[in-house]
Amino acid sequence: MVLVVDDDPVVLEVTRERLEGVGYAVHTRQEAIGTSQWASEFQPDVILLDINMPALDGTDLAQLLKRRRATKNLAIILFSSMDSQQLDRRLSDTGADGAIQKTGDAARFLSEFESLIARWRTQPQLH
């Protein structure tokens, strides 16, 4: 299951449709608050996480998820419209497993997503 967390309902819907269209089960959340508890309980395989969200920044949430025993081994992919240099800095700050720029190009998004998931699955860690 993929958990998509973004404060923009349009982004949530488009991303859900893209991922479900290639066979993923998807759950969406519009708020970062409560996501850590939800992820602990339901254990998604992947969390696709927007960075710029109100109340709890995605960077802070990613760091929290990576520190918690129940969620530290979940794949976390940052998802933002930031330029690639900014996104790379955030990636190194959070310990997330990858980053994807938001794009209108569905094929590019899916290709990058699949590539990150394949790389994450081959890492020597518990999944």
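Residues numbered from 1 in each chain as written. Predicted model: local features only at pLDDT ≥ 70, side-chain atom pairs only at ≥ 80, totals over all residues. Heavy atoms only, no water.

### Thoughts on the pattern of salt bridges
Enumeration over the complete set of coordinates arrives at 7 salt bridges. Ionic pairing is found between D97 and K66, a salt bridge with its closest N-O pair at 2.8 Å. Placement of D97 in the loop between α4 (84-94) and β5 (98-101) and of K66 in helix α3 (residues 58-67) is noted, with a sequence separation of 31 residues between them. Its relative accessible area of 16% is what places D97 among the buried residues. (Salt bridge = Lys/Arg side-chain N within 4 Å of Asp/Glu carboxyl O. Helix = DSSP H or I, 4+ residues; strand = E, 2+ residues; numbered from the N terminus. Buried < 20%, exposed > 50% of the residue type's maximum accessible area, 1.4 Å probe, protein only.)

### Considerations on the sheet that holds strand β3 (residues 46-50)
As summarised here, the arrangement of the 5 strands in space is β2-β1-β3-β4-β5, forming an open sheet in which the pairing is parallel. Unpaired on one side and paired on the other, β2 (26-29) and β5 mark the two borders of the sheet. In this sheet, neighbouring strand axes are inclined to one another by 20° on average, regardless of whether the strands run parallel or antiparallel. Across 4 bridges, strand β1 (residues 2-5) lies against β2 in parallel orientation. Within β2, the residue paired with V5 across the bridge is R29. Helix α1 (residues 9-21) contacts β1, β2, β3 and β4 (75-80) of the sheet and is inclined by roughly 170° relative to β2. (Pairing = 2+ DSSP bridges. Axes fitted to C-alpha atoms, helices over the stretch in contact; angles between N-to-C directions. Contact = heavy atoms within 4.5 Å.)

### Some thoughts on the side chain of T59
Assignment of secondary structure puts T59 in helix α3. A relative accessible area of 8% means that T59 is categorised as buried. One polar contact links T59 to R90, side chain to side chain, over a distance of 3.0 Å. (Polar contact = N/O pair within 3.5 Å; in protein donor to acceptor, adjacent residues only side chain to side chain.)

### A look at the packing of helix α2 (residues 35-42) against α3
For the pair α2 and α3, interaxial distance at closest approach is 10 Å and the crossing angle is 35°. Taken as a pair, α2 and α3 cross one another with a handedness that is right-handed. Where α2 approaches α3, its residues T35, S36 and A39 are matched on the opposing element by L61, L64 and L65. Its residues assigned to classes, the contact of α2 with α3 shows 4 nonpolar, 2 polar and no charged. (Left-handed = near helix turned anticlockwise from the far one by under 90°. Nonpolar A, V, L, I, M, F, W, Y, C, P; charged D, E, K, R; others polar.)

### Description of unusual backbone geometry
Positive phi, normally seen in glycine, also occurs at Q43, with a value near 50°. With respect to the helices and strands, Q43 occurs in the loop between α2 and β3.

### Description of the packing of aromatic side chains
According to the stated counting rule, one finds 4 aromatic pairs in the structure shown. Taken together, a centroid distance of 5.3 Å and an interplanar angle of 90° make the contact between Y24 and F113 edge-to-face. Within this pair, whereas Y24 is found in the loop between α1 and β2, its partner F113 is found in helix α5 (residues 106-121), the two being separated by 89 residues in sequence. With a centroid separation of 5.5 Å and an interplanar angle of 50°, the aromatic rings of F79 and F109 are classed as tilted. In this pair, F79 is assigned in strand β4 and F109 in helix α5, connecting sequence segments 30 residues apart. An aromatic cluster is built from Y24, F79, F109 and F113, whose rings are joined through pairwise contacts. (Phe/Tyr/Trp six-rings, centres within 6.5 Å; stacked < 30°, edge-to-face > 60°.)

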